[in-house]
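Chains, contacts and geometry: an overview
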Amino acid sequence: IIVLYMDDCLCFSPKDDVMPQLIEDLCRDGFLLKDEGAINDFLGVNIKRHDDHIEMTQTGLIDQILSDLGLNHENTTRKYTPATSVLHPELDGQERKEKWNYRSVIGKMSFLAQMTRCDIAFTVHQCACFSQVPKLIHEKAVKYIG
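**Concerning the confidence of the model for the protein**
- Across the protein, pLDDT averages 86, with 91% of residues at or above 70.
- When the elements of the protein are averaged for pLDDT, strand β1 (residues 2-5) gives the smallest value, 83, and helix α3 (residues 102-115) the largest, 94.
- Low pLDDT (under 50) marks residues 78-83, which in the prediction has 13 contacts with non-local residues, meaning those over four places away or in another chain.

**Brief notes about the sheet that holds strand β5 (residues 54-57)**
- An order of β3-β4-β5 is seen for the three strands of this open sheet, with the pairing classed as antiparallel. Looking at which strands have only one partner, the edges of the open sheet turn out to be β3 (41-42) and β5.
- Pairing of β3 with strand β4 (residues 45-49), which is carried by two bridges, proceeds in the antiparallel orientation. Following the sheet pairing, F42 is matched in β4 by V45.

**What to know about the nonpolar core**
- If you look at the biggest cluster of nonpolar residues, it comprises 20 residues, and the most contacted ones within it are I65, L69, Y102, V105, M109, C127 and V142.
- Counting residues per element, this core draws most heavily on α3, which supplies six residues.
- Residues in contact with I65, not counting those within four places in the same chain, are V105, K108, M109 and L112.

**A look at a negative patch on the surface**
- On the surface, D7, D8, D35 and E36 cluster together to form a negatively charged patch.
- For D7, the location among the structural elements is in the loop between β1 and β2 (8-11).

**What about the packing of α3 against helix α5 (residues 136-145)?**
- Contact pair α3 / α5: the axes reach a minimum separation of 11 Å and the direction vectors enclose 35 degrees. Read as a crossing pair, α3 and α5 show a hand that is left-handed. Across the interface between the two elements, Y102, V105, I106 and M109 of α3 pack against H138, E139, V142 and I145 of α5.
- The class makeup of the residues in the contact of α3 with α5 is six nonpolar, one polar and one charged.

Rules used throughout
- Residues numbered from 1 in each chain as written.
- Predicted model: local features only at pLDDT ≥ 70, side-chain atom pairs only at ≥ 80, totals over all residues.
- Heavy atoms only, no water.
- pLDDT = per-residue confidence, 0-100.
- Helix = DSSP H or I, 4+ residues; strand = E, 2+ residues; numbered from the N terminus.
- Contact = heavy atoms within 4.5 Å.
- Pairing = 2+ DSSP bridges.
- Core = buried A, V, L, I, M, F, W, Y, C linked by side-chain atoms within 4.5 Å.
- Buried < 20%, exposed > 50% of the residue type's maximum accessible area, 1.4 Å probe, protein only.
- Patch = residues over 30% accessible without salt bridge, like charges linked within 9 Å, V, L, I, M, F, W, Y side chains within 5 Å.
- Areas by Shrake-Rupley, 256 points an atom, 1.4 Å probe, with all protein chains shown as cover.
- Salt bridge = Lys/Arg side-chain N within 4 Å of Asp/Glu carboxyl O.
- Lys, Arg positive; Asp, Glu negative; His and termini not counted.
- Charge placed at Lys NZ, Arg CZ, Asp CG, Glu CD.
- Axes fitted to C-alpha atoms, helices over the stretch in contact; angles between N-to-C directions.
- Left-handed = near helix turned anticlockwise from the far one by under 90°.
- Nonpolar A, V, L, I, M, F, W, Y, C, P; charged D, E, K, R; others polar.

Below is the structure:
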């Protein structure tokens, strides 16, 4: 498996002897590569290798989102509103009460959904649709994801 992002690349193989040959072949073909050894972090994603699987997490980004929302790990079990159904514009809805940056949080959540948390992709997308003029119901939906 090769993961490529701009000029950063990760290579995975179940067999350890494959990687040196792959790097050698790519260098021979003109690619300028630097083997940095075992990886623990890539583009903000923490990577842990286990015997039978690879675990990828983004605890740093999750902590940033919780901080932006004024939440912490102790109060994240509280559910504000179901965000698993389709949200609506709520043109006449109540104005948001909190001052955190809606667009910034949605951007961070979108990156999180793309990289390691595909389970939140639908709800993040629903909330992103209202980034222009979010109302209280949208604010609560974002906090529900958090």
